[in-house]
Amino acid sequence: MTSVTSPLAGRAIGLAAVPDPVFSGAMVGPGTAIDPAREPSEAVSPVDGVVVSLHPHAYVVVDAEGHGVLTHLGIDTVQLNGEGFELLVAKGDTVTRGQAMVKWNPAAVEAAGKSPVCPVVALEATADALSGVREADEVKAGDVLFHWA
């Protein structure tokens, strides 16, 4: 079983509350979302694994069991063309849970007219593969968001 931890401090709000139908409808996969604290921060890896996809606004880490976890920093943030995001790792890097991945500022994302809400998604999973999904409480970076069987 994989424990997926929060990449950010903020409030767990659940995917249904994400202001994007692709995420709120769990079309990418099940999981939860974080409404982050509005201060500059480092988004961290939610699992130990390998960075298989990396963009300034999003990254996927695949763990030893083959579970791919997507962290998406904000909604429609691809339209910011990387402005306000600083990559701290490279695609192909082996990372550990809690390792800093991207520096960003959720308040700046919001000021640019985008939602800073961050989906954390279990790729290619079914909802029944997840347990203990947090959807309505404060979390710190590193707190368990859900377990993936």
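Further up the page is the structure itself.
Every value quoted in this text rests on a predicted model; they were computed, and no experiment measured them. (Residues numbered from 1 in each chain as written. Predicted model: local features only at pLDDT ≥ 70, side-chain atom pairs only at ≥ 80, totals over all residues. Heavy atoms only, no water.)

A.B. asks: Pulling in residues and values, what's your account of the overall build of the protein?
C.D. replies: Within the protein one finds 2 helices and 14 strands. Taking 149 residues into account, the globule formula puts the C-alpha radius of gyration at 15 Å, and the protein, at 14 Å, falls close to it. When the backbone C-alpha atoms are referred to their principal axes, the protein occupies close to 40 × 30 × 25 Å. By the burial criterion, 48% of the 149 residues in the protein qualify as buried. Pairs at least 24 residues apart make up 70% of the contacts formed inside the protein by residues separated by at least 6 positions. (Helix = DSSP H or I, 4+ residues; strand = E, 2+ residues; numbered from the N terminus. Rg over C-alpha atoms; globule rule 2.2 N^0.38 Å. Buried < 20%, exposed > 50% of the residue type's maximum accessible area, 1.4 Å probe, protein only. Contact = heavy atoms within 4.5 Å.)

A.B. asks: Quick one: what's the story with the pattern of salt bridges, residue by residue and with numbers?
C.D. replies: Scanning the entire structure with this criterion turns up 5 salt bridges. Ionic pairing is found between D35 and R38, a salt bridge with its closest N-O pair at 2.7 Å. Among the residues examined, D35 registers a relative accessible area of 25% and is labelled partly exposed. You can call R38 partly exposed: its relative accessible area is 36%. With a shortest N-O distance of 3.1 Å, R38 and E110 are connected by a salt bridge. (Salt bridge = Lys/Arg side-chain N within 4 Å of Asp/Glu carboxyl O.)

A.B. asks: Just give me the short version of the nonpolar core, but keep the residues and values in it.
C.D. replies: In terms of nonpolar packing, the biggest core is built from 30 residues, with Y59, L73, M101 and W104 touching the most fellow members. At the level of secondary structure, the elements contributing two or more residues to this core comprise β5 (49-55), β6 (58-62), β10 (100-104), β11 (118-122) and β14 (144-148). Not counting residues up to four positions away in its chain, the partners in contact with L73 are L8, A43, P56, H57, Y59, F85, V102, W104 and C118. By size, the runner-up hydrophobic cluster in this structure holds 10 residues, among which are F23, L70, V117 and V121. (Core = buried A, V, L, I, M, F, W, Y, C linked by side-chain atoms within 4.5 Å.)

A.B. asks: Provide a residue-level description of the sheet that holds strand β8 (residues 86-87), including the pertinent values.
C.D. replies: The 3 strands are arranged β4-β10-β8 in an open sheet whose pairing can be described as antiparallel. If you trace the sheet from one side to the other, it starts and ends with β4 (41-44) and β8, each paired once. Direction of pairing for β8 relative to β10: antiparallel, over a ladder of 2 bridges. Directly across from E86, in β10, lies its bridge partner K103. (Pairing = 2+ DSSP bridges.)

A.B. asks: Can you explain the environment of G113? Please cite residues and give values.
C.D. replies: If you trace the backbone, G113 turns up in the loop between α2 (106-111) and β11. A relative accessible area of 62% means that G113 is categorised as exposed.

This is a description of form; function is not addressed.
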